[in-house]
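Okay, here's what each chain looks like letter by letter:
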Amino acid sequence: MDLKSYFADLVAVRRSLHMQPEVSFKEFKTQEAIKTYLVAEAKIPATDIRPCAGTGLIVDVDGPRTSDDAVHCIAFRADMDALPMQENNPHLEYHSTQAHAAHMCGHDGHMASLLGFAVLLNRRRNLLPPNTRVRLLFQPAEEGHFGAVEMIKGGCLDGVAEVYGYHNMPARVGSLLVKAGPVMAHSSRFTIRLSGPGGHGSAPHQTTDPIVAAGHVIVAMQAVVSRSISAQDSATVSITQVHGGEADNVIPSTVVLSGTCRDFSPAVFATLQTRMRAIVEGTAAAHGVAGELTFRDGYPVTSNHPEQAQIVQAVAESALGVENVTSAGLPYAAAEDFSYYLQARPGCFFFLGTKDEAIPQNRNLHSDTFDFNDAVLPIAARIFLGIAQHRLGCELYTADELNAILAALR
């Protein structure tokens, strides 16, 4: 197998996925493209590929069956959905062709990584130990729509012993970030509604002003973390939207603030809720308006199991060198529905760096000028292979072959 040629072709696949992004639970063309590639290029029988969660896929690559004993299965996951936003990369020939849909979080790269692993894995499936299975999970709707929950409901973890996945990160390309315990945050969104009678802008003394109250709420919220959360803990509170008013000479009757908070423990979140509610209600009362605070819970903390995190670290240090494996920057305050897999099964979620100082392309997630770094594709495939070999106790590829995979796009 000509690895340089193969990974060059895989780059083209990634960029094709980038051009045709689909948002959560709308990944119909993406699902079909992945299935077609798995059958045509990875040579995985169509009978071993089945839909899950509507637009997702479960793909099984089995070793030989020699008995009726239970199959030992490990799983690897990639997310599929794009963000509902407009891309601003006109210099890319493969920029999004869809309005208000773009792969600005790198899920196109995650899918291509798992496809690359699928090809390399299935080429050596005859070397898998008897009664073992590697399951590939192509999951829809990670971007706030609980796709992992639907995949689990659909049976994706049935018979699975361990589960692994990764996300790209704007760290140095060639680096891998991993640690045991929390690596990504619990997320919650909140809405603050401040209401008064409203009135004429020329006569503020005749009414109460929710805009003034909103200003005081915004300022007071900045002290919640610094004055209510221990230095040994961590949290973030961000007000990201302010809506109020329709005309320059009208004091509005309602101002709505909204945003997000992030934490790494239920106790910290309980403190955030208590303090934020006290600020909203107390500030509103002080300014003569009504104040209401509501929370909408998001994904729980993504917490790695110690044994599996140590395995990933060992595999990565062997593949990339000790100097390229770190826990610096973790935990990361973004949230991930991979957390649900780790609540259900032992496993590990790690990060691969994408930032190359020699290339000016933006690698910051959720920016409209983001693009995935294709140099990560062979790195991800190499790490997945290393995990599979370690957990199943086999040698699918020799050390020299694994090194050649890493060098494919250099």
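The shown structure was predicted, so the numbers you read here are calculated from the model rather than taken from an experiment.

Rules used in this analysis
Residues numbered from 1 in each chain as written. Predicted model: local features only at pLDDT ≥ 70, side-chain atom pairs only at ≥ 80, totals over all residues. Heavy atoms only, no water. Pairing = 2+ DSSP bridges. Helix = DSSP H or I, 4+ residues; strand = E, 2+ residues; numbered from the N terminus. Contact = heavy atoms within 4.5 Å. Axes fitted to C-alpha atoms, helices over the stretch in contact; angles between N-to-C directions. Phe/Tyr/Trp six-rings, centres within 6.5 Å; stacked < 30°, edge-to-face > 60°. Buried < 20%, exposed > 50% of the residue type's maximum accessible area, 1.4 Å probe, protein only. Lys NZ or Arg CZ within 6 Å of the ring centre and 35° of its normal.

Undergrad: When you look at the sheet that holds strand E2 (residues 56-62) in this model, what are you seeing that I'm missing?
TA: Think of a sheet as strands paired side by side through backbone hydrogen bonds, with each pair either parallel or antiparallel. The strand order E1-E2-E4-E3-E5-E16-E6-E15 describes an open sheet built from 8 strands, whose pairing is mixed. A single partner strand is all that each edge strand has here, and the edge strands are strand E1 (49-52) and strand E15 (325-326). Where E2 lies against strand E4 (residues 132-139), 6 bridges are found, and the strand directions are antiparallel. By the bridge assignment for E4, Asp62 is matched with Arg133. Contacting E1, E2 and E4, helix H2 (residues 28-40) crosses the sheet at an angle of about 15° to E2.

Undergrad: Would you mind going over the packing of aromatic side chains with me for this structure?
TA: Any pair of aromatic rings gets described here by the distance separating the centres and the angle formed by the planes. For the structure on display, the rule yields 17 aromatic pairs. Note on Phe146 and Tyr340: the rings are 6.2 Å apart at their centroids and 55° apart in plane angle, and the pair reads as tilted. You can see Phe146 sitting in the loop between E4 and helix H4 (147-153) and its partner Tyr340 sitting in helix H9 (residues 338-344), a full 194 residues away along the chain. For the pair Phe338 and Tyr341, a centre-to-centre distance of 5.3 Å together with 65° between the ring planes defines the contact as edge-to-face. Placement of the pair is Phe338 and Tyr341 together in helix H9, with a separation of 3 residues, close to one helical turn. Accessibility assignment for this pair places Phe338 and Tyr341 in one class, buried. An aromatic cluster of at least three residues, connected via ring pairs, comprises Phe76, Phe117, Tyr164, Tyr166, Phe350 and Phe384. The side chain of Arg124 reaches across the aromatic face of Tyr397, ending 4.1 Å from its centre.

Undergrad: Any chance you could explain unusual backbone geometry here in plain terms?
TA: Along the chain, Leu330 connects to Pro331 via a cis peptide bond; the corresponding omega equals 0°. With respect to the helices, strands and loops of the structure, Pro331 is situated in the loop between E15 and H9. Non-glycine residue Ala53 carries a positive phi angle of around 55°. Structurally, the position occupied by Ala53 is in the loop between E1 and E2. A positive phi is found at His100, a non-glycine position, where the angle reads about 60°. Within the secondary structure layout, His100 lies in the loop between strand E3 (72-79) and helix H3 (107-123).

Functional significance is not addressed by these values, which are geometric in nature.
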